[in-house]
Amino acid sequence: MNLTPFAGYINDRYRRTGTLWEGRDKSSLVDRDTYLLRCYRYIELNPVRARMCADPADYPWSSHAANAFGRDDVLVHPHPNRRALGATREERCAA
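What you are looking at is a predicted structure, and each value in this text was computed from that prediction instead of being measured.

Teacher, can you tell me more about the packing of aromatic side chains here?
Aromatic ring pairs: the centre-centre distance and the angle between the two ring planes describe each pair. Counted by the stated rule, this structure contains 1 aromatic pair. With a centroid separation of 5.5 Å and 70° between ring planes, the pair formed by tyrosine 59 and tryptophan 61 is classed as edge-to-face. With relative accessibility at 71%, the residue tryptophan 61 sits in the exposed group.

As structure tokens, this is what we get:
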């Protein structure tokens, strides 16, 4: 493992191992359809929580405008669970 001198110093001083950010990120299994949609909502609201914008639709790199309002976006490919929310774009947006 290639550690920077600073990481080595911190590891020696605090009797730890690995990178400084080891264990910081956590992955969770998305095992239910409802949880998947909650994850989308959480991610799309991050710019609002970070006070980068007042409305998630105003954040240019978000999928919110495509998911909530049905705006065309070549980068957004709706998940089958999202498409199952309704037969039409309007029904999916309302859901």
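From this point, things continue past the structure.
Help me out: how do you make sense of the environment of glutamate 44 in this one?
Relative to the assigned elements, glutamate 44 resides in helix 2 (residues 33–49). Considering only alpha carbons, one finds glutamate 44 and aspartate 55, 11 residues apart in sequence, at a separation of 9.8 Å. Beyond its immediate stretch of four places on either side in the chain, glutamate 44 contacts Pro56, Ser62, Ser63, His64 and Asn67.

Mind showing me how you'd approach helix 2 here?
Every α-helical turn comprises 3.6 residues, leaving residues that sit three or four positions apart pointing alike. Its 17 residues give helix 2 an end-to-end C-alpha distance of 24 Å, which sits within 8% of 24 Å, the value for a rise of 1.5 Å per residue. Among the residues of helix 2, those classed as buried are Leu36, Cys39, Glu44 and Pro47. Taken together, the buried residues of helix 2 touch helix 3 (64–69) and helix 4 (80–83). At the C-terminal side of helix 2, arginine 51 shows a positive phi close to 60°.

Definitions and cut-offs
- In this numbering scheme, every chain counts its residues from 1 along its sequence in written order.
- Confidence filtering applies because this is a predicted model: local features only for residues at pLDDT of at least 70, side-chain atom pairs given and counted only at 80 or more, and all residues used for totals across whole chains, interfaces and linings.
- In computing side-chain properties, one takes all heavy atoms of the structure into account and sets aside hydrogens as well as water.
- Think of it this way: a Phe, Tyr or Trp ring, Trp meaning its six-membered ring, pairs with another when their centres are within 6.5 Å, and the plane angle makes it stacked under 30 degrees, edge-to-face over 60, tilted otherwise.
- Categorising residues by exposure relies on relative accessible area from a 1.4 Å probe, with only protein chains included: less than 20% of the type maximum marks a residue as buried, more than 50% marks it as exposed, and the intermediate range marks it as partly exposed.
- In DSSP terms, a helix is any run of H or I states spanning at least four residues, a strand is any run of E spanning at least two, and both are numbered starting from the N terminus.
- We call two residues in contact whenever any of their non-hydrogen atoms come within 4.5 Å of each other.
- To estimate the expected span of a helix, count its residues, drop one, and scale the result by 1.5 Å.

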